[in-house]
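Read off the chains here:
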Protein chains: 2
Amino acid sequence: MALPDKDNSAEAIAASLAHAIHEHRLAPGSKLSEDEVGEIFGVSRTVVRAALQRLSHSRLVELKRNHGAFVAQPSIREAREVFEARALLEPRTARSAAERIMPADIQLLQSHIEAEHDALKNGSAGRALYLSGQFHVEIARIADQDTIAEYITQLVARSSLVIALYWQRRAALCESHAHDALLRALATHDGQRAEELMKEHLLSLMTSLDLRDRNAVPTSLREALGA
Amino acid sequence: MALPDKDNSAEAIAASLAHAIHEHRLAPGSKLSEDEVGEIFGVSRTVVRAALQRLSHSRLVELKRNHGAFVAQPSIREAREVFEARALLEPRTARSAAERIMPADIQLLQSHIEAEHDALKNGSAGRALYLSGQFHVEIARIADQDTIAEYITQLVARSSLVIALYWQRRAALCESHAHDALLRALATHDGQRAEELMKEHLLSLMTSLDLRDRNAVPTSLREALGA
DNA sequence: TCATCCAATATCGTATACAATCATGTGTCC
DNA sequence: GGACACATGATTGTATACGATATTGGATGA
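Residues numbered from 1 in each chain as written. Chains lettered and ligands numbered in written order. Predicted model: local features only at pLDDT ≥ 70, side-chain atom pairs only at ≥ 80, totals over all residues. Heavy atoms only, no water.

1. Here we look at the relation of the copies chain A and chain B
Alright, step 1. Placing chain A over chain B gives an RMSD of 0.0 Å and needs a rotation angle of 180 degrees, together with 0.0 Å of translation along the axis. What we have between these two chains is a two-fold relation. Ranked by how close their C-alpha atoms come to the rotation axis, the residues of chain A are headed by A:Leu88, at 3.1 Å.
Alright, step 2. Counting the interface residues of chain A, we find that 100% of their copies in chain B are interface residues as well, pointing to one common contact surface. (Least-squares fit on C-alpha atoms with pLDDT ≥ 70 in both. Contact = heavy atoms within 4.5 Å.)

2. Structural notes on the pattern of salt bridges
Alright, step 1. Under the definition given, this model contains 28 salt bridges over all chains.
Alright, step 2. The shortest N-O distance in the salt bridge between A:Arg59 and B:Glu150 comes to 2.4 Å. In this pair, A:Arg59 sits in the loop between α3 (45-57) and β2 (61-64) while B:Glu150 sits in helix α7 (residues 146-166), so the two residues belong to two different chains.
Alright, step 3. By relative accessible area, A:Arg59 is classed as partly exposed at 36%. (Salt bridge = Lys/Arg side-chain N within 4 Å of Asp/Glu carboxyl O. Helix = DSSP H or I, 4+ residues; strand = E, 2+ residues; numbered from the N terminus. Buried < 20%, exposed > 50% of the residue type's maximum accessible area, 1.4 Å probe, protein only.)

3. A word on the pairing of strand β3 (residues 68-71) of chain B
All names here are of chain B.
Alright, step 1. Two strands pair when backbone bridges link them, and strand β1 (residues 31-32) and β3 are joined in this way by two bridges, in the antiparallel orientation. Each residue of the ladder has a partner; that of Lys31, found in β3, is Phe70.
Alright, step 2. In terms of strand pairing, strand β2 (residues 61-64) meets β3 through four bridges, oriented antiparallel. Paired with Lys64 across the bridge in β3 is Gly68.
Alright, step 3. Counting the residues between successive antiparallel strands, the hairpin from β2 to β3 contains three residues, one of them, Asn66, with a positive phi of roughly 65 degrees. (Pairing = 2+ DSSP bridges.)

4. A short note on the sheet that holds strand β3 (residues 68-71) of chain A
Alright, step 1. Reading across the sheet, the three strands line up as β1-β3-β2 (chain A) and stay open at both edges, with antiparallel pairing between neighbours. On the outer flanks of this sheet lie β1 (31-32) and β2 of chain A, each paired with one strand and no other.

5. Let's talk about the confidence of the model for chain A
Alright, step 1. Averaged over all residues, the pLDDT of chain A equals 88, while 88% of them reach at least 70.
Alright, step 2. Predicted confidence for residues 223-227 of chain A stays below pLDDT 50, and this span has four contacts to residues more than four positions away or in other chains. (pLDDT = per-residue confidence, 0-100.)

6. Digging into the protein's contact with DNA strand D
Alright, step 1. Near DNA strand D, the surroundings consist of 18 residues, among which A:Ser44, A:Thr46, A:His67, B:Arg45 and B:Arg49 are the closest.
Alright, step 2. Backbone atoms, meaning sugar and phosphate, form 67% of the atoms of DNA strand D found within 4 Å of the protein.
Alright, step 3. At a separation of 3.4 Å, a phosphate oxygen of DNA strand D approaches a polar side-chain atom of A:Ser9.
Alright, step 4. In the model, a sugar or linking oxygen of DNA strand D is placed 3.4 Å from a nitrogen or oxygen of the B:Asn66 main chain.
Alright, step 5. Looking at the surface near DNA strand D, the elements with two or more residues in it are α3 of chain A together with α3 (45-57) of chain B.
Alright, step 6. Here the element with the most residues in the surface near DNA strand D is α3(A); it accounts for three residues. (Near = heavy atom within 4 Å. Polar contact = N/O pair within 3.5 Å; in protein donor to acceptor, adjacent residues only side chain to side chain.)

7. Here's the deal with helix α1 (residues 9-22) of chain B
Every α-helix carries 3.6 residues per turn, so stepping three or four residues along brings you back to the same face.
All names here are of chain B.
Alright, step 1. The end-to-end C-alpha distance of α1, which contains 14 residues, comes to 20 Å, matching closely the 20 Å that a straight helix rising 1.5 Å per residue would cover.
Alright, step 2. For α1, the complete set of buried residues consists of Ser9, Ala10, Ile13, Ala14, Leu17, Ala20, Ile21 and His22.
Alright, step 3. For α1, the secondary structure elements touched by its buried residues are α2 (34-41), α3, β2, β3, α6 (125-142) and α7.
Alright, step 4. His24 sits one or two residues past α1 and shows a positive phi near 65 degrees. (Expected span 1.5 Å × (residues − 1).)

8. Comments concerning the side chain of A:Glu78
Alright, step 1. As for its position among the elements, A:Glu78 is in helix α4 (residues 76-100).
Alright, step 2. Sequence-distant contacts of A:Glu78, defined by excluding residues within four places in its chain, comprise A:Arg59 and A:Arg158.

9. Here's the deal with unusual backbone geometry
Residue and element names in this part refer to chain B.
Alright, step 1. The phi angle at His24 is positive, at roughly 65 degrees, despite the residue not being glycine.
Alright, step 2. Within the secondary structure, His24 sits in the loop between α1 and β1.
Alright, step 3. For Arg59, which is not glycine, the phi torsion reads 65 degrees and is therefore positive.

10. Quick look at the protein's contact with DNA strand C
Alright, step 1. A:Arg45, A:Arg49, B:Ser44, B:Thr46 and B:His67 are the nearest of the 18 residues found near DNA strand C.
Alright, step 2. Measuring from a phosphate oxygen of DNA strand C, one finds a side-chain N or O atom of A:Arg49 at 2.4 Å.
Alright, step 3. Within the contact set of DNA strand C, a sugar or linking oxygen lies 3.2 Å away from a backbone nitrogen or oxygen of A:Asn66.
Alright, step 4. When contributions to the surface near DNA strand C are tallied by element, the ones reaching two or more residues are α3 of chain A together with α3 of chain B.
Alright, step 5. By residue number, the principal contributor to the surface near DNA strand C is α3(B), which donates three residues.

Structure follows, in structure tokens:
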């Protein structure tokens, strides 16, 4: 594992774990033992705890008292709420981004899309998912809204967990086309269209999930066995 | 100081500090020494650190490496961003709340407003400010959106810091009237009007602040002395 | 054979100790 | 007299030790 910066090691570890979660290398429900994580990164439990608390606050891990940290398993309700929050934040932010975007930003988004395509071709779906999320975060950054960008970063990461749990395999590759269209609207400073496209994109994302109750994640064993 | 629950003491301490910040009992820039806070609450630095990290993640305190924790001093830019984020989240949430509100909720909001009036009459402006913030949080709760409610909680607390720094004393008491009007719209399930009122309310809040650069908070001594 | 109780184990929760770092103040040299 | 270097103090950063708690496994009894 990449050794974290000697400074801010807790933050580096949190980022590393978040990245792994985002790329689906860590599945929802995975246990993150303090000792184990500490050994992997070569630090004591003290700093691991700081990292885990950080992630807990971002809702990426769940801290169970006296039981340890686990990669979060968002409920269906939480999944819906995450996308509803995104639906409030992202469309208007995309509009702002369209009004402020600079040539360098367009280049960057374009390379994001290409990297995502490459990742998909190489079969690294996790990395593609991560890049796809970063596309959204980047738009908030272009809109010059750090506070909103931070929230979107969180929501995107949580969306990755939601996708891990509730994705239905049919309805797949609309994604990249949506990003292409968004980029075109942004590049032409068409704020109105960017806003609409983002709204539709998020809606289509949500409808590609199976958020019916019956497929609830087996949070309790009783429920898992259909008792 | 109220002794925190033996369980989750870090969270209790964080909540206590957040409350104090929200009520302007702790001014922006105040130093929060780990030893001092630990002594006040009767716990070791370990748990104090956890609480401070939590607050740091909420942007209520700023952690300066090897220097300690300080109550945050939002920049003008951050102040704007906080209200822009609220402008995206709250109006639509108010509309949802209007559609779902129950009689008990109306009662609760009414009592919030009354408590706020009482606090103002008793001269405890800090408490009034806190209650005024809780009014907004309560609306998100009524809308049945935990995720958004959490964000609004954070943003409201940060708004309190912004108010402490940038409030201009003229333009004061429009507040309670705005809440009254909002409650009427909510109580009559007039979602459209609730959304509009919330949008205007936030706008008027922001314009009652002095967010011009020249009044920047003296983050550096040089700036404070007008050098 | 089954349920109940209890001990053993593993993990987390907290306190404390020590190391690292930065700020301040002092002394010396130019 | 001024600037630099260094020692000192205070505060945070990290590691470790110990205590608390919940689960697991086995033993005992009916």
